[in-house]
Amino acid sequence: MRLGRYGIWTFDFEDRPASLIRDSVQELEELGWPAIWVPERDGREALTHAGFLLSVTERLTVVNGIAQIWSREPRWTRAGAQLLAEAYPDRHLLGLGYGAGKPGTRPLRAMNDYLDAMDAVPAPGTRRLLAAYGPKMLELARDRSAGAHTYHVTPEHTARAREILGEEPFLGVEHAVLFEPDAAKARELARTHLHPYLTSEYNVAKFRRLGYSESDIDGGRGSDRLVDDLVFWGEPEQVTGKLRAHLDAGADHVGIQVIGLEAGTTAMPHWRRLAEALLPAAV
């Protein structure tokens with residue numbers, strides 16, 4: 001699929017009017033961005049969202065990063081993804097994830113069961129990724145999907161993920177960026193973004209697997225080391241230089257999430273700067 005080396009990963013469209021989303025995504029396509037990743041958290045329904053973005057663009061690949069398995073039954077996910085595959089050949093990629101989960105369920109078992117139900121009826125033309133961090137989920141992504149999507153990880157994790165996946169499966173990595181050269185301001189903004197993840201048991205367990213200690217978690221505040229690793233901040237050339245580390249570590253694609261925006265503002269000015277810095281080099 002035409003994902004390129006870099007794409008946009010954004011919450012920006014979760015609560016924006018359709019007209020603004022249309023104008024924004026069409027400009028992203030004009031700028032040369034090959035792919036956009038959209039989550040499913042507390043705003044848009046994943047497949048409806050993807051369908052709208054596909055309908056107002058011509059070349060852009062739209063990736064669900066992620067569609068939560070608890071949001072719809074497997075048969076509806078399969079049918080919806082198949083419709084998008086038929087309507088927009090090679091332009092939609094379904095990213096599935098455990099998401100918020102449910103009490104008493106095990107992520108690996110829940111994902112296996114969900115995939116079993118999806119695969120009970122073939123869906124020609126559909127492609128999927130799995131959100132994966134730990135070794136067992138990465139192995140599942142390798143064996144039962146086109147590859148893996150990771151979120152809030154380091155280049156070191158990317159290298160380990162590539163070893164588990166092997167050479168062929170796709171590895172897409174999200175990373176947050178912040179165009180702020182002042183260290184104190186950048187870390188303050190980054191901590192605001194990271195706080196929900198640093199106070200979530202599931203995410204804290206992931207960060208511990210990445211090698212961070214309890215002092216790095218720091219009660220949800222995050223040490224400077226952790227913050228600097230998970231949010232690349234600084235001038236554009238500093239930020240883009242750090243993003244390339246994921247590609248060097250084995251990622252096929254990096255989805256870039258711009259954070260630190262004031263309420264009601266758009267990331268478009270930052271997406272334009274990133275396009276100037278990254279897309280010519282990615283051709």
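Residues numbered from 1 in each chain as written. Predicted model: local features only at pLDDT ≥ 70, side-chain atom pairs only at ≥ 80, totals over all residues. Heavy atoms only, no water.

Draft legend 1. Structural context of the packing of helix α4 (residues 107-118) against helix α5 (residues 135-144). Between α4 and α5, the shortest axis-to-axis distance is 10 Å and the interhelical angle comes to 15°. The angle between α4 and α5 falls in the class roughly parallel. Both α4 and α5 take part in a crossing whose hand is right-handed. Here α4 contributes P107, L108, M111, N112, L115 and D116 to the contact with α5, which in turn contributes K136, M137, L140 and R144. In terms of residue class, the contact of α4 with α5 is made up of 6 nonpolar, 1 polar and 3 charged. (Axes fitted to C-alpha atoms, helices over the stretch in contact; angles between N-to-C directions. Helix = DSSP H or I, 4+ residues; strand = E, 2+ residues; numbered from the N terminus. Parallel < 35°, antiparallel > 145°, perpendicular 65-115°, else oblique. Left-handed = near helix turned anticlockwise from the far one by under 90°. Contact = heavy atoms within 4.5 Å. Nonpolar A, V, L, I, M, F, W, Y, C, P; charged D, E, K, R; others polar.)

Draft legend 2. Structural detail: the nonpolar core. Among the nonpolar cores identified, the biggest contains 87 residues, and W33, I36, L96, L243, I256 and W271 are the most heavily contacted of them. Not counting chain neighbours up to four residues away, the residues in contact with I256 comprise Y6, G7, I8, W9, W33, H175, V177, L243, L274 and L278. (Core = buried A, V, L, I, M, F, W, Y, C linked by side-chain atoms within 4.5 Å. Buried < 20%, exposed > 50% of the residue type's maximum accessible area, 1.4 Å probe, protein only.)

Draft legend 3. How the structure looks around the side chain of T154. Its place among the elements puts T154 in the loop between β7 (147-150) and α6 (155-165). Contact partners of T154, with chain neighbours within four places excluded, come to L210, Y212, D229, L230 and H246.

Draft legend 4. Looking closely at the environment of D12. Turning to its location among the elements, D12 is positioned in the loop between β1 (6-9) and α1 (18-31). Remark: the alpha-carbon pair of D12 and T265, spanning 253 residues in sequence, is separated by 9.1 Å. Apart from residues no more than four positions distant in its own chain, D12 is found in contact with L261, T265, T266, A267 and W271.

Draft legend 5. Up close: the environment of I164. With respect to the helices and strands, I164 occurs in helix α6. I164 gets classed as partly exposed once you look at its relative accessible area, which sits at 22%. Between the C-alpha atoms of I164 and D119, which are 45 residues apart in sequence, the distance is 24 Å. Those residues in contact with I164, other than ones at most four positions away along the chain, are P135, L138, E139 and R142.

Draft legend 6. Inspection of the packing of aromatic side chains at higher detail. The tally for this structure, following the rule as stated, stands at 5 aromatic pairs. Ring centres 5.7 Å apart and planes at 80° place the aromatic pair W70 and Y98 in the edge-to-face group. Taken together, the positions of W70 in the loop between β4 (67-68) and α3 (74-87) and Y98 in the loop between β5 (92-97) and α4 put the pair 28 residues apart, joining distant regions of the chain. The interplanar angle of 55° and the centroid separation of 5.6 Å between the aromatic rings of Y151 and Y197 together place this pair among those described as tilted. Here Y197 lies in helix α7 (residues 183-198) and Y151 lies in the loop between β7 and α6, a separation of 46 residues in the sequence. Within the aromatic cluster, the residues linked to one another by ring pairs are W9, F11, Y151 and Y197. The residue whose ring lies beneath K206 is Y133, and the NZ or CZ to ring-centre distance is 4.3 Å. (Phe/Tyr/Trp six-rings, centres within 6.5 Å; stacked < 30°, edge-to-face > 60°. Lys NZ or Arg CZ within 6 Å of the ring centre and 35° of its normal.)

Draft legend 7. Highlighting the pattern of salt bridges. Inspection of the entire model under this criterion finds 20 salt bridges. With a closest N to O distance of 3.1 Å, R144 and D119 form a salt bridge. Residue R144 is found in helix α5, and its partner D119 is found in the loop between α4 and β6 (128-131); the two are separated by 25 residues along the sequence. Residue D119 is classed as partly exposed on the basis of its relative accessible area of 38%. (Salt bridge = Lys/Arg side-chain N within 4 Å of Asp/Glu carboxyl O.)

Everything listed is a geometric property; what it means functionally is a separate question.
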